[in-house]
Amino acid sequence: MKRQYVIGSVAKDLKIDVKQLSARKARIDTEDSSKRYCDINLNTGDLIVAETIDREELCGSRISCALSYELVLENPLEIHRVFLNIQDVNDNAPRFPNDRINFEITESALKGQRFRLHEAHDSDIGQNAVKGYSLEKNTNFVLNVHDTADGGKYAELVLEKELDREQQKVIELILTATDGGTPQRSGTAVIHITVLDANDNVPVFSQPVYKVSLAENTPAGTEVIRVSATDADEGPNGEVTYEFSRISDKAAKLFSIDKITGQIVVIGEIDYEKENNYEMGIQAKDASGLSSAAKVIIDINDVNDNAPKIIIKSLNNPVPESSVPGTEVGIINVQDKDSKENRQIRCSVQQNVPFKLNPSVKNYFSLVTTNALDREKESDYNITITATDGGSPPLSTSVIIQLFVSDVNDNPPVFEQQSYTAYVSENNKPGTSICSVSAKDPDWRQNGTVLYSLVPSEVRGVPVSSLLSINGDTGVIHAVRSFDYEQFRNFTVQIKAKDNGSPPLSSNVTVKVFITDENDNSPQILYPVPDGKSLMTELVTKMALSGSLVSKVIAVDADSGQNAWLSYQIVKSTDPGLFTIGLHSGQIRTQRDISESDSMKQNLVISVKDNGQPSLSSTCTVYLLLSDKLSEVPELKDMTYEDNNSKLTSYLIIALVSVSTFFLTFIILILALRFCKRQKPRLLFDGAVAYAEVYGGETLRSSYNYDTYLTTGSRTSDFKFVRSYNENTLPAGGTLKNEHNRQFGQNMITLDVTGNEDEVREV
């Protein structure tokens, strides 16, 4: 049959939709990778002829000629056996081994003597094989046809009329062999008869059938068997020669016979996989043409000369790393042309790979996963599959399959640190880079591409996006605005790292931002109040000794650390050698005893400087009056004051003037008592002695007792406190009551003084 001839409908027989054939990768496979004579039409589902089939080439003289194939379907794996029985067509004519058959017959041959003729060979079988012989019409011979034990036919030439050598020395007859096919085919040979003297003995073989086993791959020149026949005649009539009377074309290329010795030797390459049995006829003939026949059967033994063959039928490459154990990734077929134990194949996979082979149908194996795959640990595998047969020695074949693992977004970005700390100086420029974060994602391509963003939140009611920004690609964090350490010193933000997978995975990290202080605030003087706000004058008794505390400058700095470490210095004074100020405490003390020659009005310009780089400073003026008596206090109007004093100050001045006369007697009494106790440094001045525990914040922690002096005749009614000569000195009979845990809001007490002497003293 020609190519594309429709043998049958596979889809109809298997009840499969034609569309599924392509989807399931339907194909025709051979068991031993031999030539494929049929195929499947995926469009129609028909089994068609792929190559022209020659039955004689495939099966020789075997009656049954069947080809075995496998119809393979995948997803799921399904195999159907296909058997093709090849029917013989009468396409071969009978042929004689030799076109000329020679006989030498003595004229003494008796009527009825038989002469066996060569069998005609027809490559076809059955009805198409040789069915009969015919002989050209003559007067001396007739043809007698006989059946052989194996179903063949042979002819004998029968002498019907005695020969007369004197009348005819040579007789030539046409022998015709015909088959039973349609149309009928025939072959001819010429029988050449030489009439001789009598020869009454035929050669006789030692045995009618010779059987021998021969290993495949036997080298050329090896003796297979030696046949032997004897003839009782003497001389030329007893000399026997041998030849093949019947032999196939294949066997004729592999074996030859020595005409004299009867030795059959190998002349070609014997392959068990091509043919495992050969049968041939041997004829022994004497010199006069008398002959006999025998049969030689040669069985070919298999040798393990074919290594297994590994065929990758299907392979899913790459394999997703999310594949569960047991996922089928490929189909393997192993084949071996040898037979029996030489064809028994064991298939294995090298160790230390998460794959194994599961036996399926016949010599099919499924390559499946055994463990979960992780592309980040192993992105590809070189899988060595080894097939070993059961021969001795065994033969094996290995094939390496490179299998790639495709990425799945199964890893979130991981930051290099559990948390980040950033420091930025206050008064920074907007856009300043303060730190960078970095996250790694071991996934591949977009699954491993990391993008950074701020997690929306608020810092003291302000969106974090108004404070910071982040570069989505590099993770560099920038300040959006300038920070002020005095507003807030630190804050915390969350940074998200998200990959570009589907669905995306993300992780967060905390970034703590600390604002570092800069020296951007000058010291602020709380006491005395800076010029232009209020006039504050300290009264100092002229009896103050060296080291006496006369006042204190109190200042603060909004900065922190060393930027807020304050130092005090007198930059200008009326009498440079009279007063000194504590470098860090701000306490103003006398450097020496006050003398009568010292100017009553003392002005000190104090500089308060912080420890920043560069250093910032502020100044203030401290006004001091040196006096022991109110009557000696000059009008304070000569000192520098602001013009916008409060009305309360005027009211106090009027009140003080109105009561000054009332207290005159009391003051004289007080002065008298002071002079009486002159040996003690403490004096009662004009006014009542007030004892108080004053706390001036962190810079003034000790307890002090102060004398209060009324600045009569001044434009203000402020009480100024001057430390006594000795903290531990009390007036005779006096008591000091310390009130701890009480802190005055100011270092100056302003009183509106009205009433009589007893009331004032009580105040």
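Just so it is clear, the structure is predicted and the values come from calculations on it, not from any experiment.

## Some thoughts on the overall build of the protein chain
Stage number 1. Within the protein chain, the secondary structure is distributed over six helices and 53 strands.
Stage number 2. Partitioning the contacts of the protein chain with sequence separation of at least 6, the portion at a separation of at least 24 is 67%.
Stage number 3. Accessible surface, the protein chain as shown: approximately 39400 Å² in total, 49% of it carbon and sulfur.

## Some words on the nonpolar core
Stage number 1. Within the largest apolar cluster, 29 residues are counted, with the highest numbers of intra-cluster contacts made by L468, F491 and I495.
Stage number 2. Contributing elements (two or more residues each) for this core: β32 (419–425), β33 (433–436), β35 (450–454), β38 (468–470), β39 (476–479), β40 (490–499) and β41 (506–516).
Stage number 3. Among all residues touching F491, those that are not within four sequence positions of it are V459, L467, L468, F483, V511, K512, V513 and I515.
Stage number 4. The next biggest cluster of nonpolar side chains, apart from the first, holds 28 residues, and it includes V212, Y242, F255 and Y272.

## Here we look at the pairing of strand β28 (residues 364–369)
Stage number 1. Burial runs high along β28: six of the six residues are buried.
Stage number 2. Of the two faces of β28, both are covered, the one formed by Y364, S366 and V368 as well as the one formed by F365, L367 and T369.
Stage number 3. Strand direction decides the pairing type here: strand β25 (residues 328–335) and β28, joined by five bridges, are antiparallel. Considered in β28, the bridge of E328 is made with V368.
Stage number 4. Counting the residues in the hairpin turn of strand β27 (residues 355–359) and β28 gives four residues, including K362, whose phi is positive at 50 degrees.

## Considering the pattern of salt bridges
As a working rule, side chains carrying opposite charge can pair if their charged atoms are close by.
Stage number 1. For the structure on display, the rule yields 25 salt bridges.
Stage number 2. Among the salt bridges present, the one from R24 reaches E78, with a minimum N-O distance of 2.8 Å. Here the residue R24 occupies a position in the loop between α2 (18–23) and β2 (27–30), and E78 occupies one in strand β6 (residues 78–85), the gap between them amounting to 54 residues.
Stage number 3. For E78, a relative accessible area of 27% puts it in the partly exposed group.
Stage number 4. One salt bridge connects E56 with R55, and the closest N-O pair in it is separated by 3.3 Å. Neither residue differs from the other here; E56 and R55 are each classed as buried.
Stage number 5. Each of K25, R27, D29, E74 and K313 takes part in salt bridges that share partners, so that together they form one network.

## Quick notes on the state of the cysteines
Stage number 1. Counting across every chain of the model gives one disulfide.
Stage number 2. Sulfur-sulfur distance for the disulfide between C59 and C65 comes to 1.9 Å. Here the S-S torsion is close to 70 degrees, and the disulfide linking C59 with C65 is therefore right-handed. No difference in accessibility class separates C59 from C65, as the two residues are buried.

## What to know about a nonpolar patch on the surface
Stage number 1. A surface patch of nonpolar side chains, about 320 Å² in accessible area, is lined by M1, Y5 and I7.
Stage number 2. With respect to the element layout, Y5 can be found in the segment before β1 (6–9).

## Comments concerning unusual backbone geometry
Stage number 1. Between N75 and P76 the backbone carries a cis peptide bond, its omega angle lying at 0 degrees.
Stage number 2. Within the fold, P76 resides in the loop between β5 (66–73) and β6.
Stage number 3. The omega torsion of the bond from S392 to P393 falls at 0 degrees, within 30 degrees of zero and hence cis.
Stage number 4. Counting through the fold element by element, P393 comes out in the loop between β29 (380–389) and β30 (396–406).
Stage number 5. If you check the backbone angles, N75 has positive phi at about 55 degrees while not being a glycine.
Stage number 6. By the element assignment, N75 lies in the loop between β5 and β6.
Stage number 7. Relative accessible area serves as the criterion here: at 54%, N75 is assigned to the exposed category.

## Quick word on the confidence of the model for the protein chain
Stage number 1. Looking at the protein chain, the pLDDT average stands at 80 and 83% of residues meet or exceed 70.
Stage number 2. Under a pLDDT of 50 for its full length, residues 636–646 has, in the predicted model, 18 contacts with residues more than four places off or in other chains.
Stage number 3. Below a pLDDT of 50 lies the segment residues 679–763, which in the model reaches 190 contacts outside its immediate sequence neighbourhood of four places, other chains included.

## Here we look at the environment of E51
Stage number 1. Along the polypeptide, E51 turns up in the loop between β4 (46–49) and α3 (55–59).
Stage number 2. Note: C-alpha distance between E51 and M1 (50 residues apart in sequence) is 8.6 Å.
Stage number 3. Beyond its immediate chain neighbours, meaning those up to four positions away, E51 contacts R3, K35, R36 and Y37.
Stage number 4. Reaching out from E51, the side chain makes a polar contact with the side chain of R3 at a distance of 2.9 Å.

## Brief notes about the sheet that holds strand β20 (residues 263–266)
Stage number 1. Pairing is antiparallel across the open sheet formed by three strands, whose spatial order is β16-β20-β19. Two strands lie at the open edges of the sheet, namely β16 (223–226) and β19 (255–257), each paired on one side alone. Taking each pair of neighbouring strands and ignoring which way they run, the sheet shows an average axis angle of 20 degrees.
Stage number 2. Pairing of β19 with β20, which is carried by three bridges, proceeds in the antiparallel orientation. Looking at β20, one finds that I257 is bridged to I264.

## Points about the sheet that holds β39
Stage number 1. Within the open sheet, the three strands sit side by side as β33-β39-β38. Their pairing is antiparallel. Only two strands of the sheet have a single partner each, and these edge strands are β33 and β38. With direction set aside, neighbouring strand axes in the sheet form an average angle of 25 degrees.
Stage number 2. With three bridges joining them, β33 and β39 adopt antiparallel strand pairing. When the sheet's bridge partners are listed, S436 is paired in β39 with V476.

## Some thoughts on the packing of aromatic side chains
Stage number 1. Inspection of every chain in the model, using the stated rule, returns nine aromatic pairs.
Stage number 2. Here F115 and F141 contribute two aromatic rings whose centre-to-centre distance is 6.5 Å and whose plane-to-plane angle is 70 degrees, an arrangement assigned as edge-to-face. With F115 in strand β8 (residues 114–116) and F141 in strand β10 (residues 141–147), the pair connects residues that are 26 residues apart, well separated along the chain.
Stage number 3. Assessed through its relative accessible area of 2%, F141 is described here as buried.
Stage number 4. Seen in terms of ring centroids, Y423 and F514 are 5.4 Å apart; in terms of plane orientation they differ by 20 degrees. Their pairing is stacked. Of the two residues, Y423 sits in strand β32 while F514 sits in strand β41, which places them 91 residues apart along the sequence.

## Some details on the side chain of D338
Stage number 1. Counting through the fold element by element, D338 comes out in the loop between β25 and β26 (345–349).
Stage number 2. R343 provides the closest opposite charge to the buried, salt-bridge-free D338, at an N-O distance of 8.5 Å.
Stage number 3. In this structure the side chain of D338 is engaged in a polar contact, spanning 2.9 Å, whose partner is the side chain of N306.
Stage number 4. Those residues in contact with D338, other than ones at most four positions away along the chain, are E216, E273, D302, V303, N304, D305, N306, R343 and D389.

## What to know about the environment of N409
Stage number 1. With respect to the helices, strands and loops of the structure, N409 is situated in the loop between β30 and β31 (414–415).
Stage number 2. Classification of N409 by relative accessible area gives buried; the value is 12%.
Stage number 3. Along the backbone, N409 and G501 are 92 residues apart, and their C-alpha atoms lie at a distance of 5.7 Å.
Stage number 4. Setting aside its immediate chain neighbours within four residues, N409 contacts D443, N447, D499, G501, S502, P503, P504 and L505.
Stage number 5. A polar contact is formed between the side chain of N409 and the backbone oxygen of P503, at a distance of 2.9 Å.

Parameters at a glance
Residues numbered from 1 in each chain as written. Predicted model: local features only at pLDDT ≥ 70, side-chain atom pairs only at ≥ 80, totals over all residues. Heavy atoms only, no water. Helix = DSSP H or I, 4+ residues; strand = E, 2+ residues; numbered from the N terminus. Contact = heavy atoms within 4.5 Å. Areas by Shrake-Rupley, 256 points an atom, 1.4 Å probe, with all protein chains shown as cover. Core = buried A, V, L, I, M, F, W, Y, C linked by side-chain atoms within 4.5 Å. Buried < 20%, exposed > 50% of the residue type's maximum accessible area, 1.4 Å probe, protein only. Pairing = 2+ DSSP bridges. Salt bridge = Lys/Arg side-chain N within 4 Å of Asp/Glu carboxyl O. Disulfide = S-S within 2.5 Å. Patch = residues over 30% accessible without salt bridge, like charges linked within 9 Å, V, L, I, M, F, W, Y side chains within 5 Å. pLDDT = per-residue confidence, 0-100. Polar contact = N/O pair within 3.5 Å; in protein donor to acceptor, adjacent residues only side chain to side chain. Axes fitted to C-alpha atoms, helices over the stretch in contact; angles between N-to-C directions. Phe/Tyr/Trp six-rings, centres within 6.5 Å; stacked < 30°, edge-to-face > 60°. Lys, Arg positive; Asp, Glu negative; His and termini not counted.

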